[in-house]
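Structural characterization, general
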Amino acid sequence: MLTSEQEAIVKTNAKYALVIAGAGCGKTYTIIKRVEYLIDRGVNPNQILIISFTNNTVNDLSEKINNVKIMTFHKLAMQVLKKDIKQLITDYDLNYYIKEFFNYNLSKKLKSYLNFYLDYDNNNLEYFYKRIASLINIYKANDGNVIKLGIIYLKIYLNKQERYFLTLFYAFLIFYQEELKSYGAFDFNDLIIAASKSNNKVSFDYVIVDEFQDTSLIRMKLLNKIVKDNNASLMGVGDDYQSIYQFSGSNLSLFINLKNFYPKLKTYYLTTTFRNSKELVNVMGLFIMKNPLQLPKRMNAIKSLIKPIKIIYYHDLYKTINQLLIKYSNVMILGRNQNDNLNFSNFYTVHASKGLESDNVIVINNRNDYLGFPNQIINDKISTNLINFKEIKYAEERRLFYVALTRTKNYVFLLVRHGEESIFIKELINDYYQDIEIMEE
């Protein structure tokens, strides 16, 4: 049975539509019914394309929708290019190239730059590698070029450490691109860039993009090419509250400002959650809207649960978690970072939990720390200027916390020690005291 919001989306005649969907609001079900409606109206299933961002989400949709093309942007790019890319560079390969370059290919001058940078970062070489890998993705996903890097270097205030980092990044970028060229290889971003510039065409009349909040500039260019080549209808479906992949090049401004690309865009909302209680929805709605650039939406819920957010001050973390696992069924344990894993079996990072749900959720690592939640590794000026989307401090961490808490159907337990409370825990206690429960173990 469709809600009135879902029915309006399923039956829309709008050429270009943006569906802003809240967590647990039946987004996938609405997409399924939209496809069924189009086919019932005589649309050839082969002319319907659904794009999602990961193989897991594509596989999930493929189990529920038959006869239409469902693929990632990368698979779509290969179809546009009409060839099988045999040398495809993964993130694993990228990390190999980074370590090879910085271990064996640095000049004496660049070594001095690296040592200077690491002196100011507690000699954290692994984090340096991760930052280089992330910036490669951000640079390419936002159609970066040398001129843009030069402008950042010359016109954006960077301290000496950051200037050295940018110089090291540029040296690696040249090495990396030369390596790819020598092997005739593509990384995922190169694949999308090449497809968006190709004269080849693929035929689709209706394009539906799932998780649209995660799109990047180069994905947007490929999407625009498909729509323009076919005069196709476009429907983007997503939730700006759950945009959490800026580190890999996602650009939330594309979702927020889609009307700039399609002036006749019609906006729809899915605001009734079938997962969360109205009490949790109310708190988290206020919490996320402290990011001033988020799109406002008034969420509704079909169930009520008194104080679903519970902050537990623990003494023995393992003991507290085990007590909760015994007392409550179907519990998902979430941490901000992969190294938060305490060897419990539904543990997930919050990034990996996106799209999942559980009866109850435990969130660990809620401490005020460099690698706590929020993670205090801030998006730097280099990344911000490459993306060209400036937000307040911890904006994406706030969205990540929102994702973590909205995985639950019932209760969410936030575990913390006295004196170690993160700024998000303090904010919940200070601003929403009447709506949460504080417990001592």
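The coordinates are above.
Because the structure is predicted, anything quoted here is derived from the model rather than measured.

Describing the sheet that holds strand β15 (residues 412-416)
As summarised here, the arrangement of the six strands in space is β13-β12-β14-β15-β11-β16, forming an open sheet in which the pairing is parallel. Both outer strands of the open sheet, β13 (348-349) and β16 (436-440), are each paired with one neighbouring strand and no more. In this sheet, β16 lies alongside strand β11 (residues 309-313) in parallel orientation, the contact comprising five bridges. Residue pairing in the sheet places Ile311 in a bridge with Ile438 of β16. Helix α14 (residues 317-327) rests against β11, β12 (331-335), β14 (360-363) and β15 of the sheet, and its axis sits at about 170° to β15.

Describing the packing of aromatic side chains
This model, assessed by the stated rule, comprises 30 aromatic pairs. Between Tyr97 and Tyr176, the aromatic rings sit 5.8 Å apart at their centres with planes inclined by 65°, giving edge-to-face as the arrangement. You can see Tyr97 sitting in helix α5 (residues 91-104) and its partner Tyr176 sitting in helix α9 (residues 160-183), a full 79 residues away along the chain. The pair Tyr97 / Tyr176 is uniform in exposure class, with both members buried. Pairing Tyr328 with Phe413 gives two aromatic rings, centres 5.0 Å apart and planes at 50°, and the pair type is tilted. Relative accessible area serves as the criterion here: at 1%, Phe413 is assigned to the buried category. Put simply, the rings of Tyr96, Tyr97, Phe101, Phe102, Tyr117, Phe128, Tyr129, Phe165, Phe172, Phe175 and Tyr176 pair up and form one aromatic cluster. Sitting over the ring of Phe287, Arg398 keeps its end group 4.3 Å from the ring centre.

As for the pattern of salt bridges
If charged atoms from side chains of opposite charge come close, those side chains can pair. One pass over the structure, following the stated rule, counts 24 salt bridges. With a shortest N-O distance of 3.2 Å, Glu36 and Lys33 are connected by a salt bridge. Within this pair, Glu36 and its partner Lys33 are both found in helix α2 (residues 27-40), separated by three residues, close to a single helical turn. Accessibility expressed as a relative area gives 36% for Glu36, which makes it partly exposed. A relative accessible area of 25% means that Lys33 is categorised as partly exposed. Linking Lys297 and Asp240 is a salt bridge whose minimum nitrogen-to-oxygen distance equals 3.6 Å. Within this pair, whereas Lys297 is found in the loop between α13 (278-288) and β10 (300-301), its partner Asp240 is found in the loop between β7 (233-238) and α12 (252-256), the two being separated by 57 residues in sequence. Among the residues examined, Asp240 registers a relative accessible area of 0% and is labelled buried. What emerges from the salt-bridge pattern is a single network uniting Lys27, Asp210, Glu211, Asp214 and Lys354.

Cut-offs applied
Along each chain, the written sequence defines residue order, and numbers are assigned to residues from 1. Given that this is a predicted model, residues contribute local features only at a pLDDT of at least 70 and side-chain atom pairs are listed and counted only at 80 or more, while totals for whole chains, interfaces and linings are drawn from all residues. Only hydrogens and water are set aside; all other atoms, that is, all heavy atoms of the structure, feed into the side-chain values. By the convention used here, strands pair only if DSSP detects at least 2 bridges between them. The numbering of helices and of strands both runs from the N terminus, where a helix is a DSSP run of H or I of at least 4 residues and a strand a run of E of at least 2. The contact definition used throughout considers only heavy atoms, calling two residues in contact when any of these lie within 4.5 Å. Think of each axis as a best-fit line through the C-alpha atoms, taken over the contacting stretch in the case of a helix, with angles from 0 to 180 degrees between the N-to-C directions. Two rings from Phe, Tyr or Trp (for Trp, the six-membered ring) form a pair when their centres are within 6.5 Å of each other. A pair whose planes differ by under 30 degrees is stacked, one over 60 is edge-to-face, and the rest are tilted. The rule is simple: take the accessible area with a 1.4 Å probe, protein chains only, and divide by the maximum for that residue type; under 20% is buried, over 50% is exposed, in between is partly exposed. Think of it as a cone above the ring: NZ of Lys or CZ of Arg counts as a charge over the ring if it is within 6 Å of the ring centre and within 35 degrees of the ring normal. Think of a salt bridge as a Lys or Arg side-chain nitrogen and an Asp or Glu carboxyl oxygen that are within 4 Å of each other.

Spatial relationships are all this shows, so hold off on functional conclusions.
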